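# Structure at a glance
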Amino acid sequence: MDALVAQLQMQFRDYTISLYQQGFLDDQFTELKKLQDEGSPDFVAEVLSLFFEDCVKLIGNMARALDQTGTVDYSQVGASVHQLKGSSSSVGAKRVKGLCVTFKEYCEAKNYEGCVRCLQQVDIEYKTLKTKLQDMFNLEKQIIQAGGIVPQVDIN
Amino acid sequence: MGIVTESSQFHVLAVDDSLFDRKMIERLLQKSSCQVTTVDSGSKALEFLGLRESDDINDPNAPSTSPQTHQEVEINLIITDYCMPGMTGYDLLKKVKESAAFKSIPVVIMSSENVPARISRCLEEGAEEFFLKPVKLADLTKLKPHMMKTKLKKESEKLAKEENALLIPVIEEDSSVIEILPLSQELESEQHEPMLSSNKRKAMEEVISTDRSRPKYNDITTSV
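Everything in this summary refers to the structure shown in the same document. Remember, it's a predicted structure, so these values are computed and weren't measured experimentally.

### Description of the overall build of chain B
- Check the secondary structure of chain B and you find eight helices and five strands.
- Each of the 224 residues in chain B was classed as buried or not, and the buried ones make up 41%.
- Sequence separation of 24 or more characterises 63% of the internal contacts of chain B that already satisfy a separation of 6 or more.

### Quick look at helix α1 (residues 2–21) of chain A
Residues and elements named next belong to chain A.
- Over its 20 residues, α1 runs 28 Å from end to end, which matches the ideal 28 Å to within 8%, given 1.5 Å per residue.
- Of the residues making up α1, those classed as buried are V5, L8, Q9, F12, T16, S18, L19 and Y20.
- On the buried face of α1, the contacting elements are α2 (27–34) and α6 (112–145).
- G23 lies just past α1 and shows a positive phi near 85°.

### With respect to unusual backbone geometry
- Of note, the amide linkage connecting B:K133 to B:P134 takes the cis form, showing an omega dihedral of 0°.
- Among the structural elements, B:P134 can be located in the loop between β5 (129–132) and α5 (137–140).
- Located in the positive-phi region is A:K110, a residue other than glycine, with phi close to 55°.
- Mapped onto the elements, A:K110 comes out in the loop between α5 (94–108) and α6.
- Residue A:K110 is classed as exposed on the basis of its relative accessible area of 56%.
- Positive phi is not limited to glycine here, since B:S33 has a value of about 60°.
- For B:S33, the position within the fold is in the loop between α1 (19–31) and β2 (34–39).

### Notes on the packing of aromatic side chains
- With the rule as written, the count across this model stands at three aromatic pairs over all chains.
- Ring geometry for A:Y20 and A:F29: centres 6.4 Å apart, planes at 65°, overall edge-to-face.
- Looking at A:Y20, the relative accessible area reads 12%, which means it is buried.
- Clustering of aromatic rings is evident, with ring pairs tying together A:F51, A:F52 and A:Y126.
- Geometry around A:F24 places A:R95 over its ring, the cationic atom sitting 4.0 Å from the centre.
- Its end group placed over the ring of B:Y90, B:R121 keeps NZ or CZ at 4.3 Å from the ring centre.

### Comments concerning the sheet that holds β5(B)
All names here are of chain B.
- As summarised here, the arrangement of the five strands in space is β2-β1-β3-β4-β5, forming an open sheet in which the pairing is parallel. Of all the strands in the sheet, just β2 and β5 have a single pairing partner and so form its edges. Within the sheet, the average angular offset between the axes of one strand and its neighbour, ignoring direction, is 20°.
- Sheet analysis places strand β1 (residues 10–15) next to β2, joined by six bridges and oriented parallel. Of the residues in β2, the one forming a bridge with H11 is Q35.
- In this fold helix α6 (residues 144–166) packs onto β1, β2, β3 (77–81) and β5, with an angle of close to 120° to the strand it touches most, β1.

### Observations concerning the interface of chain B and chain A
- If you look at the interface, chain B gives 14 residues, while chain A gives 20 residues.
- Of the roughly 1,500 Å² buried where chain B meets chain A, counting both sides, 65% is carbon and sulfur surface.
- When the buried area of chain B at its contact with chain A is split by residue, B:F20, B:K23 and B:R27 rank highest and sum to 41% of it.
- Between the two partners, chain B and chain A, sit four salt bridges.
- Our count for the chain B to chain A interface comes out at five residue pairs in polar contact (both at pLDDT 80 or more).

### Overview of the pairing of β3(B)
Residue and element names in this part refer to chain B.
- Buried residues dominate β3, accounting for five of its five residues.
- Neither face of β3 is left uncovered, since the one carrying L77, I79 and D81 and the one carrying I78 and T80 both have all their residues buried.
- Relative to β3, β1 runs parallel, the two sharing four bridges. Across the sheet, V15 pairs through a bridge with T80, a residue of β3.
- The pairing of β3 with strand β4 (residues 107–111) spans four bridges and is classified as parallel. Note on β4: the bridge partner recorded for I78 is V107.

Here is what the cut-offs are and how they apply
- Position numbers for residues count from 1 along each chain, tracking the sequence in the order it is written.
- Here every chain gets a letter starting at A, and every ligand a number starting at 1, in the order they are written.
- With pLDDT at 70 or above as the cut-off, local features in this predicted model cover only qualifying residues; side-chain atom pairs require 80 or more to be listed or tallied, and sums for whole chains, interfaces and linings still use all residues.
- To get the side-chain values, take all heavy atoms of the structure and skip hydrogens and water.
- For the purposes of this entry, the term helix denotes a DSSP run of H or I that reaches at least four residues, the term strand denotes a run of E that reaches at least two, and both are numbered from the N terminus.
- Throughout this description, buried means an accessible area under 20% of the type-specific maximum (1.4 Å probe, protein chains only), exposed means over 50%, and partly exposed covers the range between.
- What makes two residues a contact is simply this: any of their non-hydrogen atoms within 4.5 Å.
- By this rule, a helix spans an expected 1.5 Å times one less than how many residues it contains.
- Aromatic pairing here means that ring centres of Phe, Tyr or Trp (its six-membered ring) are within 6.5 Å. Orientation follows from the plane angle: under 30 degrees is stacked, over 60 is edge-to-face, and everything else is tilted.
- Two conditions define a charge sitting above a ring: the NZ of Lys or the CZ of Arg must be within 6 Å of the ring centre, and it must be within 35 degrees of the ring normal.
- Two strands form a pair only when DSSP identifies at least two bridges running between them.
- For helices, the fitted line uses only the C-alpha atoms of the stretch in contact; every axis is such a line through C-alpha atoms, and the angle between N-to-C directions lies from 0 to 180 degrees.
- A simple way to read buried area is as the amount of 1.4 Å-probe accessible surface that goes missing from two parts once joined, with both sides added.
- Salt bridges are defined as contacts in which a side-chain nitrogen from Lys or Arg sits within 4 Å of a carboxyl oxygen from Asp or Glu.
- Polar contacts, as used here, are pairs of N or O atoms within 3.5 Å; protein pairs need one atom able to donate a hydrogen and one able to accept it. Residues neighboring in sequence count only if both atoms are side-chain atoms.

Geometric values such as these leave the question of function open.
Put into structure tokens, the structure is as follows:
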């Protein structure tokens with residue numbers, strides 16, 4: 001069993017590091033992990049859950065606001081983008097946050113095409129991140145099921 | 001929630017309109033060994049403190065506590081988001097600092113936006129710190145000295161109050177017979193020496209005719 005655990009742990013380590021290197025996650029995700037302990041063993045999963053729910057809700061708001069035939073209320077779009085920027089920043093969702101920064105600028109410039117493009121991108125991006133994180137959590141589960149402990153990954 | 005009895009833990013009141021941010025700040029504070037109460041608006045924060053707004057008469061859910069009597073909960077720090085609908089974090093800061101009862105509570109402002117004018121305005125109004133979101137664990141270690149200050153201050157104030165209450169001298173007619181002691185000492189001597197020296201006891205018994213001349217120890221309420 002030890003060989004399996006070691007293999008899984010290495011896979012987990014490599015996968016986690018790749019997420020940081022590819023810009024999906026940043027330091028704030030590391031900070032988030034620090035908040036998880038025996039008292040709150042599922043904190044990261046809970047927060048991410050909330051975050052992804054937020055994504056669905058806020059992107060829905062943005063889509064509706066941009067779908068107005070006639071004048072678009074850019075401040076409404078901007079308000080949702082601002083919120084998404086905040087929560088993505090708090091979980092360390094680096095790419096989503098980066099898109100929100102650009103999105104916000106397009107809102108301020110009242111650039112319709114720019115906004116629509118950003119909306120599509122942010123939708124793809126959060127879904128991609130969700131899949132990646134699910135893969136990461138599955139690796140964690142496999143390690144535990146194989147009798148091992150999830151290693152602390154040092155991002156340098 | 002109930003009444004919080006004084007403990008060695010710091011109690012922080014966290015204010016943020018975003019559920020997500022409330023969850024984050026709550027965990028951060030818990031991880032820093034603080035007791036946390038979260039509310040979703042400035043007005044709820046004031047309500048919790050017992051500082052109700054005068055135009056809140058239409059709110060059926062508002063508790064009917066007056067500022068003077070609401071001392072059950074001790075808050076060592078208020079941490080609030082800046083951007084909130086209705087009352088902003090800045091408005092809340094002002095209200096707290098304008099209140100005689102609560103102006104000594106340190107207030108910390110959080111914001112996702114780095115606006116220097118906003119930051120200096122908050123600091124000028126009396127905010128202890130201004131944190132940029134996302135707030136990190138390391139940021140919260142800066143708060144311990146602020147919370148320590150108010151906790152120690154409150155405890156020493158309380159002690160001073162209790163001592164003052166007990167320092168009312170015993171006014172006797174025959175003062176040559178009775179040694180006037182600060183009451184705290186008198187209490188102590190009674191506790192440690194239930195059998196007073198015969199002279200003193202006799203003298204006291206001679207003079208004490210009515211209850212009025214002797215302070216009623218039982219009436220002094222001390223809050224621990």
